[in-house]
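Summary of structural features
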Amino acid sequence: LKREGICAPDRLCVEGRSAGGLTVGAALNLDPGVFDCAIAGVPFVDIMTTMCDSTIPLTVTEWEEWGNPNETAFHDYMCSYSPIDNVRGEKYPPMLCTSGLHDPRVAYWEPLKWVTTLRDTASGGPFLSKCDLESGHFSASD
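Here's what I pulled together on the structure shown here. (Residues numbered from 1 in each chain as written. Predicted model: local features only at pLDDT ≥ 70, side-chain atom pairs only at ≥ 80, totals over all residues. Heavy atoms only, no water.)

A few points about the environment of Ala-73
By the element assignment, Ala-73 lies in helix α4 (residues 72-81). What makes Ala-73 exposed here is its relative accessible area of 61%. (Helix = DSSP H or I, 4+ residues; strand = E, 2+ residues; numbered from the N terminus. Buried < 20%, exposed > 50% of the residue type's maximum accessible area, 1.4 Å probe, protein only.)

Some points on the sheet that holds strand β2 (residues 37-41)
Judged by pairing direction, the sheet is parallel, and its four strands sit side by side in the order β1-β2-β4-β6 without closing on themselves. The outermost strands of the open sheet, each flanked by one partner alone, are β1 (13-17) and β6 (127-132). Looking at each pair of strands side by side, their axes are set apart by 10° on average, direction ignored. Direction of pairing for strand β4 (residues 95-100) relative to β6: parallel, over a ladder of six bridges. Bridge pairing links Cys-97 to Ser-129 in β6. Along the sheet, helix α1 (residues 19-30) makes contact with β1, β2 and β4, crossing β1 at roughly 140°. Strands in contact with helix α5 (residues 109-121) are β2, β4 and β6; relative to β6, the strand with the most contacts, it is inclined by about 165°. (Pairing = 2+ DSSP bridges. Axes fitted to C-alpha atoms, helices over the stretch in contact; angles between N-to-C directions. Contact = heavy atoms within 4.5 Å.)

Some points on the pattern of salt bridges
Think of it this way: side chains of opposite charge can pair up when their charged atoms draw near. What the rule picks out here adds up to three salt bridges. Salt-bridge contacts for Lys-113 lead to Asp-46; the nearest nitrogen and oxygen are separated by 2.8 Å. Here Asp-46 lies in the loop between β2 and α2 (47-51) and Lys-113 lies in helix α5, a separation of 67 residues in the sequence. On the accessibility criterion, Lys-113 (37% relative accessible area) is partly exposed. The exposure class assigned to Asp-46 is buried, which follows from its relative accessible area of 2%. Residue Arg-88 pairs with Glu-90 through a salt bridge whose shortest N-O separation is 3.5 Å. Look at Arg-88 and you get partly exposed, because its relative accessible area is 31%. Glu-90 sits in the partly exposed class, given a relative accessible area of 34%. (Salt bridge = Lys/Arg side-chain N within 4 Å of Asp/Glu carboxyl O.)

Here is the structure:
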């Protein structure tokens, strides 16, 4: 998009929610300099912690789609793209990560933990986090 002149060379933003936030995180880890800012809404970024815990609602049913990380082949593959496990000590763009305190799908601590990891490991930013104390995965109603 930048190369083709479709967007300004310093204004390419990426946005994703939930599993789309995982895609945002993985893309940023592959090339932290490609985007100029990022917005991750309730991003599923701590996949190893979440997917290895069979007591978390939805986890076991997701194994059919994602694979069971308690098995070596799936574990190693999932580790290779897990956003929180692959943050590099490089310059990342400014980011906003949102979460909902009552989210039954992506626990509020995942985005918070990711922002903390970015602040501790990467340069650039700022890395901002907003936790809505009344919302869930979609809105205050879920």
